[in-house]
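Here's the letter readout for the chains.
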Amino acid sequence: MDLSEISAKYPGLKTFVFGDGKELCDALTALVIRGKKIATCEALSAYTSGEEQMPVLGRVDLALTWEQKPAVAIRTIEIEIRKFHEVEEGFALDEGENTDLAGWRKDHQAYFERTGHFDLEMKVVCERFEVVEVY
């Protein structure tokens, strides 16, 4: 199925890639497809600056591969905005990348530092989702 067919099937669909490089994108997308990753987060400032498109409750969005090919459609089922240091372990574990909150904080601090957004008081958009379709 190509992008135009997927867009027709899911009105309002937005596309995005997980992570900030091919290796991370591939790893995170694989976790989603395997059902290990049911949450994600991004700096609120990435949305307010226009770098990213804000998730919308109930909307289906399409995660692309790093090569911009359809990978997996997800539906947003929960959105919370929290300060980085207030993210709870349950959410961190739902991201599927770490085995504890300390690991999540370490890895996400490194990610946000790479993307120029890190601050302990920064707000992050915490999104939980369900897989709708795998391509």
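The rules behind these values
- Residues numbered from 1 in each chain as written.
- Predicted model: local features only at pLDDT ≥ 70, side-chain atom pairs only at ≥ 80, totals over all residues.
- Heavy atoms only, no water.
- Pairing = 2+ DSSP bridges.
- Helix = DSSP H or I, 4+ residues; strand = E, 2+ residues; numbered from the N terminus.
- Buried < 20%, exposed > 50% of the residue type's maximum accessible area, 1.4 Å probe, protein only.
- Patch = residues over 30% accessible without salt bridge, like charges linked within 9 Å, V, L, I, M, F, W, Y side chains within 5 Å.
- Areas by Shrake-Rupley, 256 points an atom, 1.4 Å probe, with all protein chains shown as cover.
- Salt bridge = Lys/Arg side-chain N within 4 Å of Asp/Glu carboxyl O.
- Contact = heavy atoms within 4.5 Å.
- Axes fitted to C-alpha atoms, helices over the stretch in contact; angles between N-to-C directions.
- Expected span 1.5 Å × (residues − 1).

Draft legend 1. Summary view of the pairing of strand E4 (residues 70-83). Sheet topology note: the strand E3 (residues 60-64)/E4 ladder contains five bridges and is antiparallel. Following the sheet pairing, leucine 62 is matched in E4 by alanine 73. Linking E3 to E4, which pair antiparallel, is a turn of five residues; within it glutamine 68 sits at a positive phi near 70°. Strand direction decides the pairing type here: E4 and strand E5 (residues 123-134), joined by eleven bridges, are antiparallel. Opposite isoleucine 79, over in E5, you have glutamate 127 as the bridge partner.

Draft legend 2. Main features of the pairing of strand E2 (residues 39-43). Counting buried positions along E2 gives five out of five residues, so the element sits mostly inside the fold. Covered by surrounding structure in E2 are Ala39, Cys41 and Ala43 together with Thr40 and Glu42, the residues of both alternating faces. The sheet contact formed by E2 and E5 spans five bridges and is antiparallel. Within E5, the position partnered with cysteine 41 by the bridge is cysteine 126.

Draft legend 3. Highlighting a nonpolar patch on the surface. A cluster of nonpolar side chains, contributed by Met54, Leu57, Ile79 and Ile81, occupies part of the molecular surface with about 340 Å² of accessible area. Tracing the backbone through its elements, the reader meets isoleucine 81 in strand E4. Since its relative accessible area comes to 46%, isoleucine 81 is described here as partly exposed.

Draft legend 4. Quick look at the sheet that holds E4. Spatially, the five strands line up as an open sheet ordered E1-E3-E4-E5-E2, and their pairing is mixed. Edge strands, defined here as strands with exactly one partner in the open sheet, are strand E1 (15-16) and E2. This element, helix H2 (residues 22-33), spans E3, E4 and E5 of the sheet and lies at about 95° to E4. Against the sheet, helix H5 (residues 101-114) makes contact with E2 and E5, and its axis sits at roughly 40° relative to E2, the strand it touches most.

Draft legend 5. Geometry of H2. With twelve residues, H2 should reach 16 Å at 1.5 Å per residue; the first-to-last C-alpha distance of 16 Å fits that figure. Among the residues trailing H2, glycine 35 stands out with phi positive, at a value near 80°.

Draft legend 6. Layout of the side chain of threonine 29. Mapping threonine 29 onto the fold places it in helix H2. When near neighbours in sequence (up to four residues on either side) are disregarded, threonine 29 contacts Phe18, Leu64, Ala71 and Val72.

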